[in-house]
Every structure is written in C-alpha cells, then in structure tokens.
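# A look at the structure
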Amino acid sequence: MSMSGSKTSATSVLLSGGNPQIAKADGDQPVQAYIAAMPDWKQAVGRKLDTIIEREVPGVTKKVRWNSPFYGAGNDTFFVSFHCMTRYIKVTFFNGTDLMPMPKETSKSAGIRYFHIPEPGAFDEEQFADWIRQAGELPGIKI
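### Things to note about the packing of helix H2 (residues 41-56) against helix H3 (residues 125-137)
Taken N-terminus to C-terminus, the directions of H2 and H3 make an angle of 45°; their axes are 9 Å apart at the nearest point. With respect to their mutual orientation, H2 and H3 come out oblique. Like other packed secondary-structure pairs, H2 and H3 cross with a definite hand, here right-handed. Between H2, through Lys48, Leu49, Ile52, Ile53, Arg55 and Glu56, and H3, the contact on the second element is made entirely by Glu125, Phe128, Ala129, Ile132 and Arg133. For the contact of H2 with H3, the residue count by class is 6 nonpolar, no polar and 5 charged.

Have a look at this one:
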C-alpha cells in the first residue's frame, strides 16, 4: 500500500516509501520536524540515529535537503544522511568506502556506502557510533 500523499500532521506529508516531506532548511529544528514526521517504528530509530550522531560528533551541523536530514562537521560539508524507504531506513555515508569495516550496501556513486535498518529497527548501535566517529573526521561533501 502506497503512503504517498498521506498526512502525518498539519504540516507534513508522507511521500512514497513513507518518507516525510519537509521543506529545505538549515539547523536542528527542521531535522527534528523530519524525525517527528517519520512513520511508525522509524521515528524511534530516527531519534536514536540523531542522538548517536550528536554524541559522537560534538557541534555537528544539520540541515534538511531533498526530504532527508543531513549531518555535517561544521565546515559546510556533510558526512551522513538518512531517508525512509518502505521497509527500512537507508543511512547514506558519503565517504563510506573509507570506513572500516565498510557498510555492507554498495552504491553506483563513488565513495558512497549505505547502511539499511529494517523493521523493527534493531541495529548494532556500537558499530553505527564507530562509523559516525570515523565519518565525522573525514572530508564531507558540499551540499
């Protein structure tokens, strides 16, 4: 069943795959609006991802672009993002091929690796935190 166009609140709509439609904006507030609009089990995982990223990269910068939250190291470059898919959350590491061990899912784009978190949302938080620490030290991408 497609959730495209489904309302989640007075200000957000779920696009295909259940991804929240959130206006392009900078800062923590639009990222928190995105997380609050994530459907079902994905919302708790989004909160957990955000908490781990903030803990592992002090002073992390945030923005929403293309209906996804992006996290950066403060120099206008970004190292990780996530996006709701129908059956999982797709975490994108922009320099994922430089992480050890590399996240499992490959990309057609050079350097990018993905980490998928399927329902019910359990994942190796220690490994994710390690990837975030590593990614936060690598050069990010300009958004």
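### Some words on the packing of aromatic side chains
Under the definition given, this model contains 10 aromatic pairs. Ring plane angle 0° and centroid distance 5.8 Å describe the contact between Phe70 and Phe94, whose orientation is recorded as stacked. With Phe70 in strand S6 (residues 68-72) and Phe94 in the loop between strand S8 (88-93) and strand S9 (113-118), this pair connects stretches of sequence that are 24 residues apart. Each of the two residues, Phe70 as well as Phe94, counts as buried.

### Quick word on the pairing of S6
In terms of residue burial, S6 counts as a mostly covered element, since 5 of its 5 residues are buried. On S6, burial covers both faces: Ser68, Phe70 and Gly72 on one face and Pro69 and Tyr71 on the other are all buried. Bridge count between strand S5 (residues 61-65) and S6: 5 bridges; the pairing is antiparallel. The residue of S6 that forms the bridge with Lys63 is Phe70. Hairpin connection between S5 and S6: a loop of 2 residues separates the two successive antiparallel strands, and Trp66 in this loop has a positive phi of roughly 50°. Here S6 pairs with strand S7 (residues 77-84) via 3 bridges, running antiparallel. Bridging from a neighbouring strand, Gly72 pairs with Phe78 of S7. What sits between the antiparallel neighbours S6 and S7 is a turn of 4 residues, in which Gly74 has the positive phi angle 95°.

### Focus: the pairing of S7
In terms of residue burial, S7 counts as a mostly covered element, since 7 of its 8 residues are buried. The sheet contact formed by S7 and strand S10 (residues 141-142) spans 2 bridges and is antiparallel. Among the inter-strand pairings, Phe78 is bridged to a residue of S10, identified as Ile141. Connecting S7 to the antiparallel partner S8 that follows it, the hairpin turn spans 3 residues.

### Here's the deal with the environment of Phe78
Note that Phe78 resides in strand S7. For the pair formed by Phe78 and Phe94, sequence separation is 16 residues and the distance between their alpha carbons is 7.8 Å. Leave out the neighbours within four places in its chain, and Phe78 touches Thr61, Lys62, Lys63, Phe70, Tyr71, Gly72, Phe94, Gly140, Ile141 and Ile143.

### Details of helix H1 (residues 28-37)
Inspection of H1 places Pro30, Val31, Tyr34, Ile35 and Ala37 among the buried residues, and these make up the whole buried set. Taken end-on, H1 shows its buried residues confined to a sector of 170°, consistent with a single buried face.

Thresholds applied
- Residues numbered from 1 in each chain as written.
- Predicted model: local features only at pLDDT ≥ 70, side-chain atom pairs only at ≥ 80, totals over all residues.
- Heavy atoms only, no water.
- Axes fitted to C-alpha atoms, helices over the stretch in contact; angles between N-to-C directions.
- Helix = DSSP H or I, 4+ residues; strand = E, 2+ residues; numbered from the N terminus.
- Parallel < 35°, antiparallel > 145°, perpendicular 65-115°, else oblique.
- Left-handed = near helix turned anticlockwise from the far one by under 90°.
- Contact = heavy atoms within 4.5 Å.
- Nonpolar A, V, L, I, M, F, W, Y, C, P; charged D, E, K, R; others polar.
- Phe/Tyr/Trp six-rings, centres within 6.5 Å; stacked < 30°, edge-to-face > 60°.
- Buried < 20%, exposed > 50% of the residue type's maximum accessible area, 1.4 Å probe, protein only.
- Pairing = 2+ DSSP bridges.
- Arc of directions from axis to C-beta.

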